[in-house]
Amino acid sequence: MPPSSDVGWADWRCGCEATRCPSWRHAIGDRSGSMTPERAVGRLADLGLDPPDIDSRRLLFELVLSRFRALGVGAPEHVLWVPGRLEVFGKHTDYAGGRTLVSTVPRGFAMAIGRRFDTRTNVVDAGRLESASFETNPAIAGDAAMRGRTSKGWRHYVQTVLGRLGRNFPSAALASDIVLASDLPRASGMSSSSALMVGVAAALGRLAGLEDRPEWSDNIKSPLDAASYYACVENGLSFGGLTGDSGVGTHGGSEDHAAIVTGEAGRLSAFSFVPMRRITDVELPEDWRFVLTPSGVAADKTGGAKGPYNRLAHGAAVLLGLWNAGEPRCTSLAAALGSSKRAAARLRELVNQSHDDDWPAPSLLKRLDHFIREDARIPVALDAVASVDGKTLGQLSAESQSDAETLLENQVPETVALAASARQLGAFASSSFGAGFGGSVWALVVRDEAPEFARRWHPGAFVARPAPPLTVL
């Protein structure tokens, strides 16, 4: 299995074609107005975007750049690509310190940003034909929040980013015009909300020069640190000296942000968390393709799915609390289970002795069993992909799907049926992914059969090979 490459900070900051940028300050910007949809997708193709995805991404950048020109404020200073995320294995493991196997997807956000010289940030969603305006003056924005004038839907994510950056980087010049568009299915488990927040944060950071400030350099040393910080913007936790807030209201982890910021085209990436650490990458076999489809049941983590999602996160926290009350303190459930060979048995003893009306012992044991089983799948899956072992990967995915249904209990009839029908149609592996309670399903098929498989499987299905990560073009 090939080890992961050491992706430099300069590579993340820069969209140039060079394998290593000669200067971390070098960037190909758009101040001259010469950025075109053709140049944008040409850069992505050089970075590994699959040829069948080029035309659709060109249309996305055409939409964004034409809408930015229509603002009449000149050319954008920066243009960005921000992909969505595919979770292959690692259901509800990241926030508990576990492992995940993830990749980018070839759908995502195109964004363009330009500077304003007042105190407003105006955002246009060119795909939905919607817009919003936000105050970046902390005093005025804080007064609006105190009066309950908070935004809803996608606007809430943008407002959360602006508020956190304003607090962590006082006096930063965040006033801007942002135009964006996405072809990610919304609330589908492909991390559309995380991609939106990462993209807005990265665009504002580049525009305002946040990377040059001591608050950034004292806390953020690498792309993984940046991904971790963006996750904390979303979940509200502090990151180093960058103090937290309420975030968007979900108690999630950071696998989405790890994949979006540091993923690699054509490869799957394995991470462990609390703290975030890259384990390794593995090339997706050239003859394999993912086919992804939303189930049609939205899983909005700030909407109806927030309560059930947070309950699963709370269950992991209850397990850690039981351990820390009776054993040497650990920072995560994964750390507790890895502390000794008897740790899992000891934690089961503690669960059986516990008395929690919200989390009776049988429910906690299900939560524990799921974490242990799902976390253990990551190294086996890495070996299976590296050795092109579709049979083992199929067994792992079937077990992961079954455990999600019976132990996590976060599946809906639509995701169960889609995972089963994928196998019936010839996929050698399939499983649901994302937060659950809706969302999407992935299937693995032979490359040449993928387009026909997608057509037969579901109207919303599309072929997906891991795409370039967050890139400033």
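Residues numbered from 1 in each chain as written. Predicted model: local features only at pLDDT ≥ 70, side-chain atom pairs only at ≥ 80, totals over all residues. Heavy atoms only, no water.

J.: Account for the overall build of the protein, with residues named and values stated.
T.: Along the backbone of the protein there are 16 helices and 12 strands. Across the 473 residues of the protein, 58% fall into the buried class. Within the protein, contacts between residues separated by at least 24 positions form 72% of all contacts whose residues are at least 6 apart in sequence. In the form shown here, the protein has an accessible surface area of approximately 18400 Å², with 53% of it arising from carbon and sulfur atoms. (Helix = DSSP H or I, 4+ residues; strand = E, 2+ residues; numbered from the N terminus. Buried < 20%, exposed > 50% of the residue type's maximum accessible area, 1.4 Å probe, protein only. Contact = heavy atoms within 4.5 Å. Areas by Shrake-Rupley, 256 points an atom, 1.4 Å probe, with all protein chains shown as cover.)

J.: Tell me about the environment of Ser176, and please be specific about residues and values.
T.: Along the chain, Ser176 falls in strand S5 (residues 176-182). Assessed through its relative accessible area of 0%, Ser176 is described here as buried. Along the chain, Ser176 and Thr136 lie 40 residues apart, while their C-alpha atoms are 9.4 Å from each other. Setting aside chain neighbours within four positions, we find Ser176 in contact with Ile113, Gly114, Arg115, Arg116, Arg120, Thr121, Asn122, Leu204 and Leu207. A polar atom in the side chain of Ser176 sits 3.2 Å from the backbone oxygen of Leu174. (Polar contact = N/O pair within 3.5 Å; in protein donor to acceptor, adjacent residues only side chain to side chain.)

J.: How would you explain the sheet that holds strand S8 (residues 288-294) if you had to name every residue and give the values?
T.: Reading across from one edge, S9-S10-S8-S11 is the order of the four strands in this open sheet, with antiparallel pairing throughout. Lying at the two open borders of the sheet, with one neighbouring strand each, are strand S9 (429-433) and strand S11 (462-464). This sheet shows a mean twist of 30° between the axes of neighbouring strands, independent of strand direction. As judged from the five bridges shared by S9 and strand S10 (residues 440-446), these two strands associate in the antiparallel manner. Counterpart to Ser430 in the pairing with S10 is Ala443. In the packing of helix H15 (residues 413-424) onto the sheet, the strands contacted are S8, S9 and S10, and the crossing angle to S9 comes to about 165°. (Pairing = 2+ DSSP bridges. Axes fitted to C-alpha atoms, helices over the stretch in contact; angles between N-to-C directions.)

J.: Before we move on, could you go through the pairing of strand S6 (residues 267-272) and cite the residues and values that matter?
T.: Where burial is concerned, most of S6 is hidden: six out of the six residues are buried. The alternating pattern of S6 places Arg267, Ser269 and Phe271 on one face and Leu268, Ala270 and Ser272 on the opposite face, and all of these are buried. Inspection of the sheet shows strand S2 (residues 99-115) paired to S6 by four bridges, in the antiparallel sense. Note that in S6 the partner of Thr100 across the bridge is Phe271. Summarising the sheet, S6 and strand S7 (residues 277-283) pair through six bridges and their orientation is antiparallel. Paired with Phe271 across the two strands is Arg278, which belongs to S7.

J.: Describe the nonpolar core, and please don't skip the residues or the numbers.
T.: Among the nonpolar cores identified, the biggest contains 79 residues, and Phe290, Leu292 and Trp442 are the most heavily contacted of them. When residues in this core are grouped by element, the largest group, 10 residues, is from helix H6 (residues 192-208). Every residue in contact with Phe290, bar those within four places of it in the chain, is listed here: Leu86, Val88, Leu268, Leu284, Trp442, Ala443, Leu444, Phe462, Val463 and Ala464. Among the nonpolar cores identified, the runner-up in size contains 27 residues, and Ala316, Leu337, Trp359 and Leu364 belong to it. (Core = buried A, V, L, I, M, F, W, Y, C linked by side-chain atoms within 4.5 Å.)

J.: Requested: an account of the pairing of S9, with residues and values cited.
T.: In terms of residue burial, S9 counts as a mostly covered element, since five of its five residues are buried. Both faces of S9 are covered, namely the face carrying Ala429, Ser431 and Phe433 and the face carrying Ser430 and Ser432. Count of turn residues in the S9/S10 antiparallel hairpin: six residues, of which Gly434 carries a positive phi of about 100°.

J.: Let's hear about the pattern of salt bridges: which residues, and what values?
T.: Under the criterion given, the structure shown has 31 salt bridges. Here Arg116 ties to Asp118 by a salt bridge, and the two come within 2.6 Å at their closest N and O atoms. Residue class for Asp118 comes out partly exposed when judged on its relative accessible area of 36%. One network of salt bridges, in which partners are shared, links Asp50, Glu286, Arg289, Arg447 and Asp448. (Salt bridge = Lys/Arg side-chain N within 4 Å of Asp/Glu carboxyl O.)

J.: Could you give an account of the packing of aromatic side chains, with specific residues and numbers?
T.: Within this structure, the stated rule accounts for 10 aromatic pairs. Centroid distance Tyr229 to Phe239: 6.3 Å. Interplanar angle 55°. Geometry classified as tilted. Of this pair, Tyr229 sits in helix H8 (residues 223-235) while Phe239 sits in the loop between H8 and helix H9 (255-262); the two residues are 10 residues apart in sequence, bridging distant segments of the chain. Residues Tyr229 and Phe239 agree in their burial class; the two are buried. Aromatic side chains Phe453 and Trp457 sit 5.3 Å apart centroid to centroid with 45° between the ring planes, which places their arrangement in the tilted category. With Phe453 and Trp457 both in helix H16 (residues 450-457), this residue pair falls four residues apart, about one helical turn. The rings of Phe169, Trp216, Tyr229, Tyr230 and Phe239 are connected pair by pair, giving a single aromatic cluster. (Phe/Tyr/Trp six-rings, centres within 6.5 Å; stacked < 30°, edge-to-face > 60°.)

J.: Kindly report on the side chain of Asp94, identifying the contributing residues and their values.
T.: The topology assignment puts Asp94 in the loop between strand S1 (78-89) and S2. A polar contact of 3.0 Å, which involves the side chain of Asp94, links it to the backbone nitrogen of Glu255. When neighbours within four sequence positions are excluded, Asp94 is seen to be in contact with Thr100, Gly253, Ser254, Glu255, Phe273 and Val274.

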